[in-house]
Amino acid sequence: MTSFEHNRWYVLELDNNPIIFADISHGPSQYTGALSLLYLCENQQEIDSFYQGFSAEVESEQCGWIVDKYGISWQIVPRMFLDFAQKLSPTTYQKINQQILTMKKNEIAQIEKLI
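Not measured: the values here are computed from a predicted model.

What counts and what doesn't
- Residues numbered from 1 in each chain as written.
- Predicted model: local features only at pLDDT ≥ 70, side-chain atom pairs only at ≥ 80, totals over all residues.
- Heavy atoms only, no water.
- Salt bridge = Lys/Arg side-chain N within 4 Å of Asp/Glu carboxyl O.
- Helix = DSSP H or I, 4+ residues; strand = E, 2+ residues; numbered from the N terminus.
- Buried < 20%, exposed > 50% of the residue type's maximum accessible area, 1.4 Å probe, protein only.
- 1 Å grid on protein atoms, 1.4 Å probe; cavity = no way out; pocket = protein on both sides within 12 Å on 5 of 7 lines; lining within 4 Å.
- Points joined across faces, edges and corners; volume = space filled by probe spheres on them.
- Nonpolar A, V, L, I, M, F, W, Y, C, P; charged D, E, K, R; others polar.
- Pairing = 2+ DSSP bridges.
- Axes fitted to C-alpha atoms, helices over the stretch in contact; angles between N-to-C directions.
- Contact = heavy atoms within 4.5 Å.
- Core = buried A, V, L, I, M, F, W, Y, C linked by side-chain atoms within 4.5 Å.

**Topic: the pattern of salt bridges**
Charged atoms that come close allow side chains of opposite charge to pair.
Right, on to step 1. What the rule picks out here adds up to three salt bridges.
Right, on to step 2. Across the salt bridge formed by Lys105 and Asp48, the nearest N and O atoms sit 2.6 Å from each other. Separated by 57 residues along the polypeptide, Lys105 in the loop between helix H3 (90-101) and helix H4 (108-112) and Asp48 in helix H1 (residues 44-53) bring together distant segments of the chain.
Right, on to step 3. Asp83 is paired through a salt bridge with Lys87; the nearest N and O atoms lie 3.7 Å apart.
Right, on to step 4. Among the residues examined, Lys87 registers a relative accessible area of 64% and is labelled exposed.

This is the structure in structure tokens:
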């Protein structure tokens, strides 16, 4: 993460794409879990890579969520999940959601068995 202290802007680069955060608070502030970022992954290898290199609080990993070394919560989600609510039957969608709740990280192969 690159910091531009005089402007209180912070730049985080993911996959050569900058994500810019601006601190516009007027005085001391503290991050809360009310903010999380969602990152869409193309495959299981990309999901695994995030867990191995990005997760800083193993005890916080649950259902595709991780916490990085800055305390920011991330949702690491397979891109294919975006279409589930619209393309799958309500019964299948519910089965998938129940399976996800039992996982630390999303396992695409296990989810695909339910489709």
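**Quick look at the layout of surface pockets**
Right, on to step 1. There is about 260 Å³ of room inside the second largest pocket.
Right, on to step 2. Elements with a contribution of two residues or more to the lining of the second largest pocket: strand E6 (73-78), helix H2 (84-87) and H3.
Right, on to step 3. With five residues, H3 is the largest single contributor of residues to the lining of the second largest pocket.
Right, on to step 4. When grouped by side-chain class, the residues that make up the lining of the second largest pocket number 13 nonpolar, four polar and no charged.

**Quick word on the sheet that holds strand E4 (residues 36-41)**
Right, on to step 1. The strand order across the open sheet built from three strands is E4-E6-E5, with neighbouring strands paired in mixed fashion. Two strands in the sheet have a free side with no partner beyond their single neighbour: E4 and strand E5 (65-67). Taken over all neighbouring pairs, the strand axes of this sheet differ in orientation by 30° on average, direction set aside.
Right, on to step 2. With three bridges joining them, E5 and E6 adopt antiparallel strand pairing. In the sheet register, Val67 faces E6, and the bridge partner there is Ser73.
Right, on to step 3. Against the sheet, H1 contacts E4, E5 and E6, and its axis sits at roughly 140° relative to E4.

**Details of the pairing of E6**
Right, on to step 1. Summarising burial for E6: five of the six residues are buried, a large majority.
Right, on to step 2. Bridge analysis of E4 against E6 gives six bridges, and the strand direction is parallel. Bridge pairing in E6 places Cys41 opposite Pro78.

**Digging into the nonpolar core**
Right, on to step 1. Within the largest apolar cluster, 14 residues are counted, with the highest numbers of intra-cluster contacts made by Leu14, Tyr39, Phe50, Ile66, Trp74 and Ile76.
Right, on to step 2. Within the residue set of this core, elements represented by two or more residues are strand E2 (9-14), E4, H1 and E6.
Right, on to step 3. Ignoring any residue separated from it by four or fewer positions in sequence, one finds Trp74 in contact with Leu12, Leu14, Ile19, Leu37, Tyr39, Phe54, Gly64, Trp65, Ile66 and Asp68.
Right, on to step 4. Formed by nine residues, the second largest nonpolar core is a distinct cluster that contains Val77, Phe81, Phe84 and Ile111.

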